[in-house]
Amino acid sequence: MGVEIIFKIAAIGILTAVVTQILKQTGKDEIGTLATLAGLVIVLVMVLSLIGDLFGTIKTMFDFG
């Protein structure tokens, strides 16, 4: 689970950057901004699930529940 999550986040970032640049060149700056925000939300959801897993692991490791 270690390296592949970094590759997934990098792929989302590259894809978002390409889509944003294409949309800005066609004159649709607002949609490009929305595409960037969508990519950011997707990455944040991925990171939040990892943080939830981390807290679950810490909880079981120290036997808090």
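Residues numbered from 1 in each chain as written. Predicted model: local features only at pLDDT ≥ 70, side-chain atom pairs only at ≥ 80, totals over all residues. Heavy atoms only, no water.

## Things to note about the overall build of the chain
Each helix and strand in the chain was counted, giving two helices and zero strands. Here the C-alpha atoms of the chain give a radius of gyration of 17 Å, more than 25% beyond the 11 Å that 2.2 N^0.38 yields for 65 residues. With the C-alpha coordinates aligned to their principal axes, the bounding extent of the chain is approximately 55 × 20 × 5 Å. When burial is assessed residue by residue, the chain has 14% of its 65 residues classed as buried. By element, 75% of the accessible surface of the chain is carried by carbon and sulfur atoms, the whole surface being about 5100 Å². (Helix = DSSP H or I, 4+ residues; strand = E, 2+ residues; numbered from the N terminus. Rg over C-alpha atoms; globule rule 2.2 N^0.38 Å. Buried < 20%, exposed > 50% of the residue type's maximum accessible area, 1.4 Å probe, protein only. Areas by Shrake-Rupley, 256 points an atom, 1.4 Å probe, with all protein chains shown as cover.)

## Considerations on the side chain of threonine 20
By secondary structure assignment, the location of threonine 20 is in helix H1 (residues 2–25). A distance of 2.7 Å separates a polar atom in the side chain of threonine 20 from the backbone oxygen of threonine 16. A polar contact of 3.5 Å, which involves the side chain of threonine 20, links it to the backbone oxygen of glycine 32. Aside from chain neighbours lying at most four places away, what touches threonine 20 is Gly32, Ala35 and Thr36. (Polar contact = N/O pair within 3.5 Å; in protein donor to acceptor, adjacent residues only side chain to side chain. Contact = heavy atoms within 4.5 Å.)

## Section: the packing of H1 against helix H2 (residues 29–61)
At a minimum axis distance of 7 Å, the contact between H1 and H2 shows a crossing angle of 170°. Viewed along their axes, H1 and H2 adopt a mutual orientation that is roughly antiparallel. Facing H1, whose interface residues are Ile5, Lys8, Ile9, Ile12, Thr16, Val19, Thr20, Leu23 and Lys24, H2 presents Asp29, Ile31, Gly32, Ala35, Thr36, Gly39, Ile42, Val43, Met46, Val47 and Leu50. Looking at side-chain class alone, the contact of H1 with H2 contains twelve nonpolar, five polar and three charged residues. (Axes fitted to C-alpha atoms, helices over the stretch in contact; angles between N-to-C directions. Parallel < 35°, antiparallel > 145°, perpendicular 65-115°, else oblique. Nonpolar A, V, L, I, M, F, W, Y, C, P; charged D, E, K, R; others polar.)

## A word on H2
Over its 33 residues, H2 extends 48 Å from the first C-alpha to the last, a length consistent with the 48 Å expected when each residue adds 1.5 Å. Every buried residue belonging to H2 is among Gly32, Gly39, Val43 and Met46, and all of these are buried. For H2, the secondary structure elements touched by its buried residues are H1. Positive backbone phi, approximately 55°, marks aspartate 63, located one or two places after H2. (Expected span 1.5 Å × (residues − 1).)

## Here we look at H1
With 24 residues, H1 should reach 34 Å at 1.5 Å per residue; the first-to-last C-alpha distance of 36 Å fits that figure. The set of residues buried in H1 consists of Ile5, Ile12, Thr16, Thr20 and Leu23. Residues of H1 that are buried make contact with H2. Backbone geometry just downstream of H1 places glycine 27 in the positive-phi region, at approximately 90°.

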